[in-house]
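Given next are the chains, with one letter for each unit.
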Amino acid sequence: MDIVTHALIGATAAAGWLPSQPELACGVVLGNVVPDLDAFSRLGGKQAFIRCHQTYTHSLAAMAAVLLVSVGLHFVSGPVWSMFVLGLAIGMVMHVGLDLTNSYGVQWAWPISRRRVALDWIFFIDLPALILTIAALGLIGMFGQDMAMLPWVSGIYVGLLFVYVAMRSLIARRAQRLAKESDEAAERTAVIPTTWLPWMFLVCRDLENASETFALNAITGQQSQARTVATFDAELPAAVSELIEWQAMRALSPYYRAVEQKQSSDEQAIVVRDLRIRNFDTRFGTLTCRLDAEGQIIDKQWEV
Ligand SMILES: [Zn+2]
């Protein structure tokens, strides 16, 4: 999820413990945002961001280390800091659990495995999750004076959020099945959730020298916005496929495809983009290269 949603979810879930366990509650709020501090890797450049985001700070190893610190602090400095760090670990588990349901991919097994896992249940900005969270925060504001009500509101909110995520897993499974059934011969199909409607998905699959994209309604099975996009990966110059930018994006998405190729007498222009994630018409990852007659790159532009 985006960091604002993570912060709101952390605050809503932790509010119930604030009167009785303030250290734990503060830790839970912080833990819900701390993993995304890896976004500062952007200071090291776009490549560093693509390589680092949702890796070590989102790993089981990081969460286990924080939990161990909590246990150690319990014996060294007493329960206050120990509870704060325990809250931090709980918040991190919530954060990583939610990120796993998105489509970017989390290296949860870092450093043992660098494989990114994405369940494709919920897009990283999700309207129903935001409405649920803001409504619960509104109730917390209303019942703020009544300390006995806060644990109930937070507890019911966490329960409903859990039920919502479970429902999204079932809807996504149905969407994946419908997409597969519409073309049994397809070797690989990506089915990406959308922001506004939990039952709408964006599908992408391979054809020969092309990719097929369409929107899919997981309730009715209806397809819309169908497009066939010609791809030029077979003719992709080595100078482009050797670029770190191309390799980093291709590792994120097998549908990172050369979609435009223009040849003039002394120059060639290539555009590569991810056909899988098309939400908000994003150009995230799009790489535009100009090459000379010898196939060497003259200039490149990477939108990250
Ligand atoms: Zn994250």
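A quick note: this is a predicted structure, and the numbers were derived from the prediction, not measured.

Colleague: Tell me what's going on with the packing of helix 6 (residues 127-142) against helix 7 (residues 150-181), and back it up with residues and numbers.
Modeller: Two quantities define a packed helix pair, namely the angle between the helix axes and the distance between the axes. Relative orientation of the contacting elements helix 6 and helix 7 amounts to 175°, with a least axis distance of 10 Å. One finds that helix 6 runs roughly antiparallel with respect to helix 7. Side by side, helix 6 and helix 7 meet where P128, A129, L132, A136, L139 and I140 of the first sit next to L150, V153, Y157, L160, L161 and Y164 of the second. Partitioned by chemical class, the residues of the contact of helix 6 with helix 7 number 12 nonpolar, no polar and no charged.

Colleague: So what's going on with the domain arrangement of the protein? Residues and values would help.
Modeller: Considered domain by domain, the protein is made up of domain 1 (3-170), domain 2 (173-229) and domain 3 (231-302). Here domain 1 and domain 2 have C-alpha centroids that lie 30 Å from each other. Opposite the 12 residues of domain 1 that make contact, domain 2 presents nine residues. When residues of the side of domain 1 that touches domain 2 are traced back to their parent elements, those giving at least two are helix 6 and helix 7. Ranked by residues supplied to the side of domain 1 that touches domain 2, first place goes to helix 7 with three residues. Of the residues in the side of domain 1 that touches domain 2, the class split is seven nonpolar, two polar and three charged.

Colleague: So, unusual backbone geometry: which residues are in play, and what are the values?
Modeller: Note the cis peptide between W110 and P111, where omega equals 0°. For P111, the position within the fold is in the loop between helix 5 (79-100) and helix 6. Here the phi dihedral of Q54 falls at roughly 60°; this positive angle occurs in a residue that is not glycine. Looking at the secondary structure, you find Q54 in the loop between helix 3 (46-52) and helix 4 (60-76). You will see that Q225, though not glycine, has its phi angle at about 55°, which is positive.

Colleague: For the nonpolar core, give the residues involved together with the corresponding values.
Modeller: Judged by nonpolar contacts, the single largest core of 33 residues is most densely connected at A14, A25, V28, V66, A89 and M92. Breaking this core down by element, the ones donating at least two residues are helix 1 (3-14), helix 2 (22-31), helix 4, helix 5 and helix 7. At 11 residues, helix 5 tops the list of elements feeding residues into this core. Residues L178, Y255, I270 and C289 belong to the second largest nonpolar core, which totals 32 residues.

Colleague: Describe the environment of M249, listing the residues and the values that go with them.
Modeller: Tracing the backbone through its elements, the reader meets M249 in helix 9 (residues 244-252). Classification of M249 by C-beta neighbours within 10 Å gives buried; the count is 21. It is 6.5 Å that separates the C-alpha atoms of M249 and G285, two residues lying 36 residues apart in sequence.

Colleague: Describe the sheet that holds strand 6 (residues 267-274), listing the residues and the values that go with them.
Modeller: Spatially, the four strands line up as an open sheet ordered 5-6-7-8, and their pairing is antiparallel. Looking at which strands have only one partner, the edges of the open sheet turn out to be strand 5 (256-263) and strand 8 (297-302). For this sheet, the mean inter-axis angle between neighbouring strands, taken without regard to orientation, is 15°. Alignment of strand 7 (residues 287-292) against strand 8, held across five bridges, turns out to be antiparallel.

Colleague: Account for the packing of helix 1 against helix 6, naming residues and giving values.
Modeller: Where helix 1 meets helix 6, the closest approach of the two axes is 10 Å, and the angle between their N-to-C directions is 40°. Judged by the angle between their axes, helix 1 and helix 6 are oblique. For the pair helix 1 and helix 6, the sense of crossing is left-handed. Residues T5, L8, I9, A11 and T12 of helix 1 touch helix 6, and the partners they reach there are A129, L130, T133, A136, L137 and I140. Its residues assigned to classes, the contact of helix 1 with helix 6 comprises eight nonpolar, three polar and no charged.

About the criteria used
Residues numbered from 1 in each chain as written. Predicted model: local features only at pLDDT ≥ 70, side-chain atom pairs only at ≥ 80, totals over all residues. Axes fitted to C-alpha atoms, helices over the stretch in contact; angles between N-to-C directions. Helix = DSSP H or I, 4+ residues; strand = E, 2+ residues; numbered from the N terminus. Parallel < 35°, antiparallel > 145°, perpendicular 65-115°, else oblique. Contact = placed C-beta atoms within 7 Å. Nonpolar A, V, L, I, M, F, W, Y, C, P; charged D, E, K, R; others polar. Domains from an automatic or database assignment. Core = buried A, V, L, I, M, F, W, Y, C linked by C-beta atoms within 7 Å. Buried ≥ 20, exposed ≤ 12 C-beta atoms within 10 Å, placed from the backbone. Pairing = 2+ DSSP bridges. Left-handed = near helix turned anticlockwise from the far one by under 90°.

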